[in-house]
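One-letter residues, chain by chain:
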Amino acid sequence: MNSKTAKTMKTASDINHIKMTKRRSPFDPRISAMNLSESWIDWNGYRTPAYYFDAHTEYMATRNTCGVFDCTPMCKYRIKGKDTERMLNRMVTRDVTKQGINRVAYNVWCTDNGRVIDDGTLFRLSEDEFIIFCAEPGMDWFCLSAVGFDDIEITDESHNIAGLALQGPTSCALLKALNINGVELLKPFDIGQFTLATDTGSIELMISRTGFTGDLGYELWVEPTDAIALWDALFSTGKIYGIQPLGDDSLGLARLEAGFILPELEFHGALHTVNLGYDQSPFELSLDWIVSFKKGNFNGREALLKEKEKGSTYKLIKLDIEGNKPADGSILYSDKSCNKEIGFVTSAAWSSALKQNIAYAFIKRASLKGDIWTEIYYQKEMRWHHKVAKCEQHIGPFWKPERAKQTPPPDC
């Protein structure tokens, strides 16, 4: 090490995310003050609340008033240049040329074998500029995908953009009360640029009508230096709109009701999979609707065409399960005696809003039309019990209120 390098290097005690072991969100001063449970999880190196005080109360806010979830830990990659559209169209399964400016589209990207690496949302900001929002780091894959394209610039902006998801029936009413004029005109998956006047000055924010709850909701994106001002504005005006902070637990139930899949629960990224066949294809995940064979070549096209002709081994389905015992980790059977295994549950919960016992599960394609049973293990005062429950396939999201697609949406 030369003397010049030594002078510019920081010691570990001077680097905040090393000193504190976890990176702190720009919203952390407010989140820490409200997180009475002191229950934290790790998300991409950030500490994130599992729940603030009661996960069920927080979940009910997304269905009756509104809740705020810190989505800053999401990975964010800005891709721009004249070759951006062509590069992305070759990387993802959906036809990017059909995505309009200031629109968001859900997407997946696959290996050459047609196995899903990750999913995310693709924000189109102009003809030649996009931002990918995804749950896990993907810089290496994006750079590999850009090989052969000359006019491409990829920037990791994961720590340069702070975000809050404002979700629930009163979310639009709250934004209007903050004088964010025109936000009510955003259609689902639209993006808009707005100015918010706060006690400390005006801040610029990008708002997308997106979310992970299946309800009316928006995602608000700002510079990290404006994070506290945004949080304070939402919570000071939001009191009469029933605003609550949301932890990861409450969001987990809301996303299951909405029918959204989650990495490490519904799919295992193909680049991390060790056991053969333990990753998934878009068809196995019931994502047929975002695979476009008409657009030309893309990563995994040939393998996916063969799979479409031959049929997938497994299929992800939604289940209504009798009783009220969540079937987390349960095995599926074709008979009540539980002799023949046909699949397994990936996510499950009792939905208090729907009064339904719901689940996501993989089932062998050959068993799709037959009976489905599951054996559920549950605990009562320390003692373990089990029951065999009948399952029915559920088509479509469990939760899809009319207000989620109305423009302008109702105020409550």
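Residues numbered from 1 in each chain as written. Predicted model: local features only at pLDDT ≥ 70, side-chain atom pairs only at ≥ 80, totals over all residues. Heavy atoms only, no water.

(A) Representation of the side chain of Glu284. Position of Glu284 among the secondary structure elements: in the loop between α9 (248-258) and α10 (301-310). For Glu284, a relative accessible area of 8% corresponds to the buried category. One polar contact links Glu284 to Arg115, side chain to side chain, over a distance of 3.1 Å. (Helix = DSSP H or I, 4+ residues; strand = E, 2+ residues; numbered from the N terminus. Buried < 20%, exposed > 50% of the residue type's maximum accessible area, 1.4 Å probe, protein only. Polar contact = N/O pair within 3.5 Å; in protein donor to acceptor, adjacent residues only side chain to side chain.)

(B) Main features of the sheet that holds strand β18 (residues 372-380). Here we have six strands rolled up into a closed barrel, ordered β14-β17-β16-β15-β18-β19, and antiparallel in their pairing. Between one strand and the next, the sheet's axes are offset by a mean angle of 40°, whatever the strand orientation. With nine bridges joining them, β18 and strand β19 (residues 383-394) adopt antiparallel strand pairing. Bridging from a neighbouring strand, Thr374 pairs with Ala389 of β19. Packed onto the sheet, α9 meets β16 (341-351) and β17 (356-364) and runs at close to 120° relative to β16. (Pairing = 2+ DSSP bridges. Axes fitted to C-alpha atoms, helices over the stretch in contact; angles between N-to-C directions. Contact = heavy atoms within 4.5 Å.)

(C) Here's a closer look at the pairing of strand β6 (residues 116-126). For β6, the buried fraction is high: nine of the 11 residues fall into the buried class. Pairing between strand β5 (residues 103-110) and β6: eight bridges, direction antiparallel. Within β6, the residue paired with Tyr106 across the bridge is Thr121. From the end of β5 to the start of β6, which pair antiparallel, there are five residues, and Gly114 there has a positive phi angle of about 75°. Relative to strand β7 (residues 129-134), β6 is paired through six bridges, and the arrangement is antiparallel. Considered in β7, the bridge of Gly120 is made with Cys134. Between β6 and the antiparallel strand that follows it, β7, lie two residues.

(D) Fine view of the state of the cysteines. Summed over the entire model, instances satisfying the criterion amount to zero disulfides. Not engaged in a disulfide, the cysteine Cys110 finds its nearest cysteine sulfur in Cys134; these two sulfurs lie 14 Å apart. With no disulfide partner, Cys391 has as its closest neighbouring cysteine sulfur the one in Cys338, 9.8 Å distant. Here Cys391 falls in the buried class, since its relative accessible area comes to 3%. (Disulfide = S-S within 2.5 Å.)

(E) Here's a closer look at the packing of aromatic side chains. Counted by the stated rule, this structure contains 15 aromatic pairs. Between Tyr106 and Trp289 the ring centres are 6.3 Å apart and the planes differ by 25°, which places this aromatic pair in the stacked class. Residue Tyr106 is found in strand β5, and its partner Trp289 is found in the loop between α9 and α10; the two are separated by 183 residues along the sequence. Residue class for Trp289 comes out exposed when judged on its relative accessible area of 55%. The interplanar angle of 85° and the centroid separation of 6.4 Å between the aromatic rings of Tyr314 and Phe362 together place this pair among those described as edge-to-face. Here Tyr314 is found in strand β14 (residues 314-321), whereas its partner Phe362 is found in strand β17, with 48 residues between them in sequence. Take Tyr314: its relative accessible area is 26%, and that puts it in the partly exposed class. Cluster of aromatic residues (ring-pair linked, three or more members): Phe27, Trp231 and Phe235. Above the plane of the ring of Trp373 lies Lys390, whose end atom (NZ or CZ) is 5.5 Å from the centre. (Phe/Tyr/Trp six-rings, centres within 6.5 Å; stacked < 30°, edge-to-face > 60°. Lys NZ or Arg CZ within 6 Å of the ring centre and 35° of its normal.)

(F) Representation of the pairing of β17. Burial runs high along β17: seven of the nine residues are buried. Across seven bridges, the pairing between β14 and β17 is antiparallel. Its bridge partner lying in β17, Ile317 is registered against Ala361. Pairing between β16 and β17: eight bridges, direction antiparallel. Along β17, the bridge assignment pairs Trp350 with Asn357.

(G) Looking closely at the layout of surface pockets. The volume enclosed by the second largest pocket comes to roughly 730 Å³. Along its surface, the second largest pocket is lined by 29 residues, and Arg115, Gly277, Tyr278, Asp279 and Glu284 are the ones closest to its centre. Mapped onto the lining of the second largest pocket, the elements with two or more residues apiece are α10 and β16. Its residues assigned to classes, the lining of the second largest pocket comprises 10 nonpolar, 11 polar and eight charged. (1 Å grid on protein atoms, 1.4 Å probe; cavity = no way out; pocket = protein on both sides within 12 Å on 5 of 7 lines; lining within 4 Å. Points joined across faces, edges and corners; volume = space filled by probe spheres on them. Nonpolar A, V, L, I, M, F, W, Y, C, P; charged D, E, K, R; others polar.)

(H) The arrangement of the sheet that holds β7 in detail. Spatially, β5-β6-β7-β4-β8 is the arrangement adopted by the five strands of the open sheet, whose pairing is antiparallel. In this open sheet, the two strands that pair with only one neighbour each are β5 and β8 (153-156). For this sheet the average axis-to-axis angle between neighbouring strands, irrespective of direction, equals 25°. Contacts between helix α5 (residues 84-91) and the sheet are confined to β4 (75-80), β5, β6, β7 and β8, with β7 contributing the most and set at about 35° to the helix.

(I) Here's a closer look at the UniProt feature "domain: GCVT N-terminal" (unreviewed entry) in the protein chain. When the UniProt feature table is mapped to this numbering, "domain: GCVT N-terminal" (unreviewed entry) covers residues 40-295. End C-alpha to end C-alpha, residues 40-295 measures 43 Å, and it is 21% helix and 32% strand. (UniProt positions renumbered as here; feature names shortened; annotations may be inferred.)

(J) Main features of α5. What α5 keeps buried is the set Thr84, Met87, Leu88, Asn89 and Met91. Where the residues of α5 are buried, they touch β4, β5, β6, β7, α6 (139-145) and β8.

(K) Structural detail: the nonpolar core. Membership of the largest hydrophobic core comes to 31 residues, with the highest contact counts inside it found for Val183, Ile207, Tyr218, Leu230 and Leu234. At the level of secondary structure, the elements contributing two or more residues to this core comprise β3 (66-70), β9 (162-167), α7 (171-177), β10 (191-198), β11 (201-208), β12 (217-222) and α8 (227-237). With six residues, the top contributor of residues to this core is α8. Ignoring sequence-local partners within four residues, the contact set of Leu234 consists of Val68, Leu164, Leu166, Leu174, Leu175, Leu178, Leu220 and Ile243. Formed by 21 residues, the second largest nonpolar core is a distinct cluster that contains Tyr77, Cys134, Phe149 and Ala270. (Core = buried A, V, L, I, M, F, W, Y, C linked by side-chain atoms within 4.5 Å.)

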